[in-house]
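# Coordinate analysis (summary)
Here is how the chains run, residue by residue.
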Amino acid sequence: MNTIVRQAALGWVGWLLAAGGGLVVRGHDTGGAHEHGPEAKPLPFVVDATGPVKLTGPKVKRFDQPVSGQGYWAFSPVVGAMPVPVEALPVLKGAHGTLIVDPTRDVVYWGLQDVGWVGFSNRLMSSWVLEQDEVFKKGNLHGADILARRGKAPLVAAADNAQGEVYVSDTSFSKAEVVKVPKGGPYADGKGYAPTDVAFEGEKTLWVTDGYGKAYFMSADVSPLQFRGDFHGGKHMSQTPHGITFDSASGTLLISARPEAQVHRWSLKSRKMMEVHGLPAGSTVCDVDVWGNYVLAACLDGPKGTPGPLYVIDQKRKVVVSTIKPKEELGYTHAQHLHDACWYVTGTGANRSVYILFTSWNPGGIGALKLVNAE
């Protein structure tokens, strides 16, 4: 892959602050110490000239339409995409949820507080509020994951921080299994638990991170849904381990340490932290999504309190290859704080198209961006 290397605009001071775990207090975050594990390493910035999908069609001129991102990784808004159903509009401002993609049906699901699951199809142009188990409508589907299964409907897991529960269902959403606060260990008192995200490690194991509670992450059996009694992390690792993502290629969990502006990689085999990557100081990272070598990181805030950016990270080379700014450069006025984002890749071969879907908080909203052949 051809690259043009340049130093991040923040300079090495900003990177070193991120690597050292400088805290930016936001919302539910509080200051504190850090785990004595691997030293955080700042991710340098690199501009890519090429990427995993061949870009076709005429060049897009950056001044003719909104474009954000550097080099190959440039994105523009998808006009008319992801319309919010009329019945969900009254609660849109308070959105504080998540996005998952079902590639088997080409459907995207959005967890919307006090509404439940909203579906998008027809290449993101159609939407509806799903018929679903009442448990999904009562709290907040804060973080979720989806797992395809051979011959069966995909599994979906969701963490509800408001109700203090985790749900597992299939994509009919008609019946959910529910598990509440873990038993024993740091949760022996039954208090201080507010899960924020989940990640499937295959059909039998689910990982849950307690980002808004005591800050541990833990495993659970998928069926019957129950915690196994192991607890990892805690506030010495991160004050708010907001997101958790399974990377099947490396057999690791990626944990988004929000106030520290870090992404931790934890080995499922050794049960130890392998490495810690620092984003630019102040980038309060909420969650990451993995597509091959590329990690998409959504941030509540950017450096120096700027609107939340999206970072595209090449995890193989351990570099940031693009910074995308939906509010500042693409006209999404609601995108002050990005809460979750995911890859949405359609088509095959030369006909593949790459999208980034994101949802914001305070104010709440949703948007879709498409990778374009930009000058």
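So, here's what we can say about the structure. (Residues numbered from 1 in each chain as written. Predicted model: local features only at pLDDT ≥ 70, side-chain atom pairs only at ≥ 80, totals over all residues. Heavy atoms only, no water.)

### What about the packing of aromatic side chains?
- Scanning the model with the defined rule gives 21 aromatic pairs in all.
- Seen from their ring centres, W117 and F173 are 5.3 Å apart, and the 35 degrees between their planes marks the pair as tilted. Pair noted here: W117 is in strand 7 (residues 116-121) and F173 is in the loop between strand 11 (165-170) and strand 12 (177-179), with a separation of 56 residues, a long-range link.
- On the accessibility criterion, W117 (0% relative accessible area) is buried.
- For F173, a relative accessible area of 0% puts it in the buried group.
- Ring geometry for Y187 and Y193: centres 5.7 Å apart, planes at 80 degrees, overall edge-to-face.
- Judged by relative accessible area, Y193 falls into the buried class, the value being 12%.
- Pairwise contacts between aromatic rings join Y72, W73, W291, Y294 and W343 into one cluster. (Phe/Tyr/Trp six-rings, centres within 6.5 Å; stacked < 30°, edge-to-face > 60°. Helix = DSSP H or I, 4+ residues; strand = E, 2+ residues; numbered from the N terminus. Buried < 20%, exposed > 50% of the residue type's maximum accessible area, 1.4 Å probe, protein only.)

### Observations regarding the pairing of strand 26 (residues 338-346)
- Burial within strand 26 is extensive, with 8 of its 9 residues counted as buried.
- Alignment of strand 26 against strand 27 (residues 353-360), held across 8 bridges, turns out to be antiparallel. Each residue of the ladder has a partner; that of T346, found in strand 27, is S353.
- Joining the antiparallel neighbours strand 26 and strand 27 is a turn of 6 residues, in which G347 adopts a positive phi near 75 degrees. (Pairing = 2+ DSSP bridges.)

### A short note on the pattern of salt bridges
- Within this structure, the stated rule accounts for 10 salt bridges.
- Here K318 ties to E275 by a salt bridge, and the two come within 3.0 Å at their closest N and O atoms. A residue pair is termed long-range when its members are at least 10 positions apart, and K318 in the loop between strand 24 (310-314) and strand 25 (319-324) and E275 in strand 21 (residues 272-278) qualify at 43 residues. (Salt bridge = Lys/Arg side-chain N within 4 Å of Asp/Glu carboxyl O.)

### Some words on the sheet that holds strand 19 (residues 252-257)
- Spatial strand order, 2-21-20-19-18: 5 strands in an open sheet with mixed pairing. Each having just a single partner strand, strand 2 (40-42) and strand 18 (241-247) make up the two edges of the open sheet. Put simply, the sheet's adjacent strands are angled 25 degrees from each other on average, direction ignored.
- Where strand 2 meets strand 21, 3 bridges bridge the pair, whose relative direction is parallel. By the bridge assignment, P42 is partnered in strand 21 with G278. (Axes fitted to C-alpha atoms, helices over the stretch in contact; angles between N-to-C directions.)

### Topic: the sheet that holds strand 6 (residues 107-112)
- Across the sheet, 4 strands lie side by side as 5-6-7-8; this open sheet has antiparallel pairing. A strand with exactly one partner marks an edge of an open sheet, and here the two such strands are strand 5 (98-102) and strand 8 (126-129). Strand-to-strand twist in this sheet, taken as the mean axis angle between neighbours without regard to direction, amounts to 25 degrees.
- Where strand 5 lies against strand 6, 5 bridges are found, and the strand directions are antiparallel. Looking at strand 6, one finds that T98 is bridged to G111.

### Describing the pairing of strand 7
- For strand 7, a buried count of 6 out of 6 residues is recorded, marking the element as mostly surrounded by other parts of the structure.
- The pairing of strand 6 with strand 7 spans 5 bridges and is classified as antiparallel. In the sheet register, Y109 faces strand 7, and the bridge partner there is G119.
- Counting the residues that bridge the hairpin from strand 6 to strand 7 gives 3 residues, and of these D114 lies at a positive phi of roughly 70 degrees.
- As paired strands, strand 7 and strand 8 are joined by 4 bridges and run antiparallel to one another.

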